[in-house]
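Each chain is listed here by its residues.
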Number of protein chains: 2
Amino acid sequence: MDFDDTWYPATHPSGAVLPAVLALAEVLPQQSKPSGMDLLLAFNVGIEVQGRLMRFSREASNIPKRFHPPAVVGTMGSAAATSKLLHMGSAQYREVLAIAASYSGAPMANAATQTKPLHIGNAARRGLEASYLALLGLEGNKNILDMKSGFGAFYTDYTPDMLLGLDSYRWVLEDQDVAIKRFPAHLGMHWVADAATALRMKLLEENLPVVKIKKVVLKVPDARYVKRPFPASEHEARHSFQFNTCTALVDGSISEESFSDLNLHRQEIRDLLEKVLIENPHDNHSNFDTMYCEVGVEMHTGETITERCNTFYGHWREPLSQYDLLKKFKANASTVLSMEAVQGIIDTVANLEKVTDCAVLSSYLQVKEKTN
Amino acid sequence: MDFDDTWYPATHPSGAVLPAVLALAEVLPQQSKPSGMDLLLAFNVGIEVQGRLMRFSREASNIPKRFHPPAVVGTMGSAAATSKLLHMGSAQYREVLAIAASYSGAPMANAATQTKPLHIGNAARRGLEASYLALLGLEGNKNILDMKSGFGAFYTDYTPDMLLGLDSYRWVLEDQDVAIKRFPAHLGMHWVADAATALRMKLLEENLPVVKIKKVVLKVPDARYVKRPFPASEHEARHSFQFNTCTALVDGSISEESFSDLNLHRQEIRDLLEKVLIENPHDNHSNFDTMYCEVGVEMHTGETITERCNTFYGHWREPLSQYDLLKKFKANASTVLSMEAVQGIIDTVANLEKVTDCAVLSSYLQVKEKTN
């Protein structure tokens, strides 16, 4: 999930919803198989619910200190999407969300460990489970979304609002698009990657070798969770401002490979990590909308160079090109699917509105022996 | 679970642990089937971990406002017990608890709904799942128990302590026994039940009929969660000071039947509910160790009678007799098991230390057609 889309306020919205609606579509009986439009609507409801819930807390706007957002709003999103696909009415829908709240939440401290991807996997399955339990008649607290001892338990400043009627309703996604990562690491790493890569270009232009760096100064938001001077594991490295800066300075780019054990423990990376200082400017908040990153180096020979990134490539203000988006999808999907299946998914998704039975998507998703 | 044992600080300790260790014992291969002693040790470890964790927060000493304790410490207890039964070493045990933390927690607002029993069922299965995931090699945050963003996410005042070494270690259960409920309702209801039952005796002695009551004044702790003037469902009635007081005044006792739809909506109960006033004395805290209940009635004819309960029958300071404990077990268990199985379980548990293969317990637990 370190490669998942990322939203603002921070969560990974699709990962909790897409597997749940696809799994449900697969098991629904033939006469009620959802169309591509049904799937799209359910998926978007699942995304929307997450965006709305995060707007009920200011705490959710920053990198949270207690609960990992995909485990909180993700479960609710999966519940909302699957109950939509099951054509539930509003009374039953209320029970679904109440039950799903009892399946929500996981501590932030597990977010830079192998347990992190489990959070979003569990969110997907638990939301679906909540829908089925409501279908069986289970009831929860009907006011769960309005109570501090309900969904508010996950935030210190939860203040739910009435929503507008559907006639004047505007979807969150219309105003706030998602960011797409270029490499599998915490989103914040993309700011330091772009700044450090630009800085490395300047070093090359001026014939200044990386080994001659005396000091690296990083100006980043104060987020303990991604401040790790000497990451010991792949998962810690994916959540380290310092490691991502040093890798971009040494290699000129960051990829999945950068987090392999071999690359993690390279002497030149370790040497450079020793030279990194972190500063937290007061105007730089832990917030994916406004944060920035400045990387400055001082050379043993006296030169200083600084580069700043306000908006990385892939951020919602500077979206990936369709070409780069498909390139990412193909690279990831082809590790588990045949090239025919990868292309089939791309073609199906491009025409999803016109697909009459979305089970075709599941058929491509069967993990097979690669044929090429 | 409204009939489960209750501890102080408040949780239902056995319900999350016993099903998990029994299920695990059942699937372990023949050559490593646990003995009765193994089962007892694992069970007690599961209880102990819950007691220890609740001592790391003062918030846990009162009826909590945000998270339902069995969903928080129960999951950890199930994880601890099952990993003990799987003979894990301390390094792996650390991972189990870290993973289990990501499976913990459910909002308090669902605690008086049908979703409440799901909390403890989920705690049992999730703790077991965490053990298996650690067995497969999954890792979480090794410091999860020491962090505010770890297990501390569930409390506002979490302050973990180092524990003493095993040589001088004293188990929580040695100092703090559990309460056993006499009827299936929130533990707090047992105080009002005993006070109101004693009061009804006095009314009878003095020939004062319940219908002539003008006013009922209840002095109980200020716990919104169990203040429900007109409960609409069985689950709400099990969590209503008012309803339990009125039932004990009208019927002289409370049993499972008291919460049936028929009894819930009786006119005489509804009439009496209209007359109940609640007061929250400052010295009466939401705390199962120190709380008390005083029921006072004023008659239309002018008389006033008051009864107070400091310790109900079944509380750890006034435990059920072995006879009453077995009576409760037989009454509950015989609704799903044959009398032979019920007696078999009683005999096995009485000699659990000497049982070589505790699978015998599971064999009794198969739900069968009743033979008598």
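The structure presented is a predicted model; accordingly, all values stated were derived computationally and were not measured. (Residues numbered from 1 in each chain as written. Chains lettered and ligands numbered in written order. Predicted model: local features only at pLDDT ≥ 70, side-chain atom pairs only at ≥ 80, totals over all residues. Heavy atoms only, no water.)

So, the overall build of chain A
The condition is simple: Strands are runs of DSSP state E lasting at least two residues, helices are runs of H or I lasting at least four, and both sets are numbered from the N terminus onward. Computation of the radius of gyration draws on C-alpha atoms, with the globule rule given as 2.2 Å multiplied by the number of residues to the power 0.38. A 1.4 Å probe rolled over the protein chains alone gives each residue an accessible area, and that area as a share of the maximum for its type sets the label: buried under 20%, exposed over 50%, partly exposed in between. Any two residues whose heavy atoms approach within 4.5 Å are treated as being in contact. Here the accessible surface of atoms and residues is derived via Shrake-Rupley with a 1.4 Å probe, and residues count as covered only by protein chains that are part of the display. Charged residues are defined narrowly, with Lys and Arg counted positive, Asp and Glu counted negative, and His plus the chain ends left uncounted. Think of each charge as sitting on NZ of Lys, CZ of Arg, CG of Asp or CD of Glu.
Across its full length, chain A carries 14 helices and 4 strands. Rg of the C-alpha trace for chain A: 22 Å, near the compact-globule value of 21 Å for 372 residues, within the 12% margin. In terms of overall dimensions, chain A has C-alpha extents of about 70 × 50 × 35 Å along its principal axes. Expressed as a percentage of its 372 residues, the buried residues of chain A come to 56%. Counted over contacts in chain A with a minimum sequence separation of 6, partners at least 24 positions apart contribute 75%. Just so you have it, chain A exposes about 16300 Å², and 54% of that area is on carbon and sulfur atoms. Placing the 37 positive and 44 negative side-chain charges of chain A at their respective mean positions leaves the two points 3 Å apart.

Looking at the interface of chain B and chain A
To keep it simple, the criterion reads: Using a 1.4 Å probe, buried area is obtained as the accessible area two parts lose upon being combined, added over both of them. Just to be clear on terms, a salt bridge is a Lys or Arg side-chain nitrogen sitting within 4 Å of an Asp or Glu carboxyl oxygen. Definition of a polar contact: a pair of N or O atoms within 3.5 Å, with one able to donate and the other able to accept a hydrogen when the atoms are protein atoms, and with sequence-neighbouring residues admitted only if both atoms are side-chain atoms. Any residue outside Ala, Val, Leu, Ile, Met, Phe, Trp, Tyr, Cys, Pro, Asp, Glu, Lys and Arg is labelled polar, Gly included; the first ten of those are nonpolar and the last four are charged.
Across the contact, 36 residues belong to chain B and 36 residues belong to chain A. Each partner contributes to the roughly 2700 Å² buried at the junction of chain B and chain A, and carbon and sulfur atoms together form 50% of this total. Three residues, B:S102, B:A109 and B:Q114, lead the burial of chain B against chain A; their summed loss comes to 19% of the area buried on that side. At the junction of chain B with chain A, the criterion picks out 2 salt bridges. Its salt-bridge partner being A:R125, residue B:E129 comes within 2.3 Å of it at the nearest N-O pair. Summed over the shared surface of chain B and chain A, the number is 24 residue pairs in polar contact (both at pLDDT 80 or more). Mapped onto the side of chain B that touches chain A, the elements with two or more residues apiece are helix 4 (90–101) and helix 5 (115–135) of chain B. If you tally residues by element for the side of chain B that touches chain A, the top one is helix 5 of chain B, at 8 residues. Its residues assigned to classes, the side of chain B that touches chain A shows 16 nonpolar, 14 polar and 6 charged.

So, the relation of the copies chain B and chain A
How we decide: Here the copies are superposed with least squares, the fitted atoms being C-alpha atoms of residues at a pLDDT of at least 70 in both.
With an RMSD of 0.1 Å, the fit of chain B onto chain A corresponds to turning through 180° and sliding 0.0 Å along the axis. With respect to symmetry, the two chain copies, as superposed, fit the operation of a two-fold axis. Taking the C-alpha atom as reference, chain B places B:G105 closest to the rotation axis, 3.4 Å from it. When the interface residues of chain B are mapped onto chain A, 100% of them again lie at the interface, so the same face is used by both copies.

Concerning the sheet that holds strand 2 (residues 276–279) of chain A
All names here are of chain A. Stated formally: Any two strands with at least two DSSP-identified bridges between them are counted as paired. Only the contacting stretch of a helix is used when fitting its axis, a line to C-alpha atoms as for every element, and angles between N-to-C directions run 0 to 180 degrees.
The mixed open sheet is built from 4 strands, whose spatial order is 2-1-3-4. Of all strands in the sheet, those bounded by a partner on one side alone are strand 2 and strand 4 (304–309). Here the strands of the sheet are splayed against their neighbours by 15° on average, with no regard to which way each runs. Strand direction decides the pairing type here: strand 3 (residues 293–299) and strand 4, joined by 6 bridges, are antiparallel. Directly across from E294, in strand 4, lies its bridge partner R308. Relative to strand 4, helix 7 (residues 188–205) is tilted by about 145°, and along the sheet it contacts strand 1 (213–219), strand 3 and strand 4. Contacts between helix 9 (residues 241–251) and the sheet are confined to strand 1, strand 2 and strand 3, with strand 1 contributing the most and set at about 130° to the helix.

Overview of the packing of aromatic side chains
This is how the line gets drawn: Ring geometry is summarised as follows: Phe, Tyr and Trp rings, the Trp one being its six-membered ring, pair when their centres sit within 6.5 Å, and such pairs are stacked at plane angles under 30 degrees, edge-to-face over 60 and tilted between the two. A positively charged side chain is recorded as over a ring if its NZ (Lys) or CZ (Arg) lies within 6 Å of the ring centre. The angle to the ring normal must also be within 35 degrees.
By the definition in use, this model includes 25 aromatic pairs over all chains. Measuring from ring centre to ring centre gives 4.8 Å for A:W191 and A:F312, while their planes differ by 80°; the resulting arrangement is edge-to-face. Note that A:W191 is positioned in helix 7 and A:F312 in the loop between strand 4 and helix 12 (322–333), a separation of 121 residues in sequence. As far as the burial class goes, A:W191 and A:F312 line up, both buried. Here the aromatic residues A:F56, A:F67, A:F151, A:F154, A:Y155, A:Y158, B:F56, B:F67, B:F151, B:F154, B:Y155 and B:Y158 are joined through ring pairs into a cluster of three or more. The ring of A:Y292 has A:R308 lying over it, and the distance from NZ or CZ to the ring centre is 3.7 Å.

Overview of the nonpolar core
Spelled out, the test is: Side-chain atoms within 4.5 Å are what join buried Ala, Val, Leu, Ile, Met, Phe, Trp, Tyr and Cys residues into a set we call a nonpolar core.
Core analysis: the biggest nonpolar cluster contains 122 residues, and A:L39, A:F151, B:L39 and B:F151 have the highest contact counts within it. Excluding anything up to four places from it in sequence, A:L39 contacts A:V21, A:L22, A:A25, A:L85, A:L352, A:C358 and A:L361.

Concerning the domain arrangement of chain A
To keep things clear, this is the line we draw: The start and end points of each domain follow an automatic or database-based domain assignment.
Parsing chain A into structural domains produces domain 1 (5–176), domain 2 (193–309) and domain 3 (322–365). A straight line from the C-alpha centre of domain 2 of chain A to that of domain 3 of chain A covers 35 Å.

Considering a nonpolar patch on the surface
Residues and elements named next belong to chain A. Threshold: Patch definition: residues above 30% relative accessible area lacking any salt bridge, with like charges linked at up to 9 Å and the nonpolar side chains Val, Leu, Ile, Met, Phe, Trp and Tyr linked at up to 5 Å.
On the surface, a nonpolar cluster with roughly 270 Å² of combined accessible area is contributed by V27, Y132 and L135. Along the chain, V27 turns up in helix 1 (residues 13–27). Assessed through its relative accessible area of 59%, V27 is described here as exposed.

With respect to the sheet that holds strand 2 (residues 276–279) of chain B
Residues and elements named next belong to chain B. Sheet architecture is open: 4 strands sit in the order 2-1-3-4, paired in mixed fashion. Looking at the sheet topology across the chains shown, the edges are occupied by strand 2 and strand 4 (304–309). Taken pair by pair, the neighbouring strands of this sheet meet at an average axis angle of 15°, ignoring direction. With respect to the sheet, helix 7 (residues 189–205) is in contact with strand 1 (213–219), strand 3 (293–299) and strand 4, its orientation differing from that of strand 4 by roughly 145°. With respect to the sheet, helix 9 (residues 241–251) is in contact with strand 1, strand 2 and strand 3, its orientation differing from that of strand 1 by roughly 130°.

Here we look at the UniProt feature "domain: MmgE/PrpD C-terminal" (unreviewed entry) in chain A
The following threshold applies: UniProt positions are given in the numbering used here, feature names are shortened, and annotations may be inferred rather than shown by experiment.
According to UniProt, the feature "domain: MmgE/PrpD C-terminal" (unreviewed entry) maps to residues 183–353 of chain A in the numbering used here. Within residues 183–353 of chain A, the helical portion is 40% and the strand portion 14%, while the C-alpha atoms at the span's ends are 30 Å from each other.

Some words on the side chain of B:K328
With respect to the secondary-structure elements, B:K328 resides in helix 12 (residues 322–333). In contact with B:K328, other than residues within four places in its own chain, are B:F3, B:I180 and B:K181.

Some details on helix 7 of chain B
One full turn of an α-helix is made of 3.6 residues, so residues set three or four places apart face in the same direction. Residues and elements named next belong to chain B. Selection criterion: In a helix, the anticipated span is given by 1.5 Å times the number of residues less one.
Taking 1.5 Å per residue, 17 residues should reach 24 Å; helix 7 reaches 24 Å between its end C-alpha atoms and fits that length. By the burial criterion, the buried members of helix 7 are M189, H190, W191, V192, A193, D194, A195, A196, L199 and L203. On its buried face, helix 7 sits against strand 1, helix 9, strand 3 and strand 4. Remark: N207 follows helix 7 within two positions and exhibits a positive phi of approximately 55°.

Concerning the pattern of salt bridges
Residues and elements named next belong to chain A. Applying the stated criterion across every chain yields a total of 32 salt bridges over all chains. The salt bridge involving E307 is made with K202; its shortest N-O contact spans 2.7 Å. Of this pair, E307 sits in strand 4 while K202 sits in helix 7, and the two are 105 residues apart along the sequence. Looking at E307, the relative accessible area reads 16%, which means it is buried. Across the pair D222 and K227 runs a salt bridge, and its minimum N-O distance is 3.0 Å.

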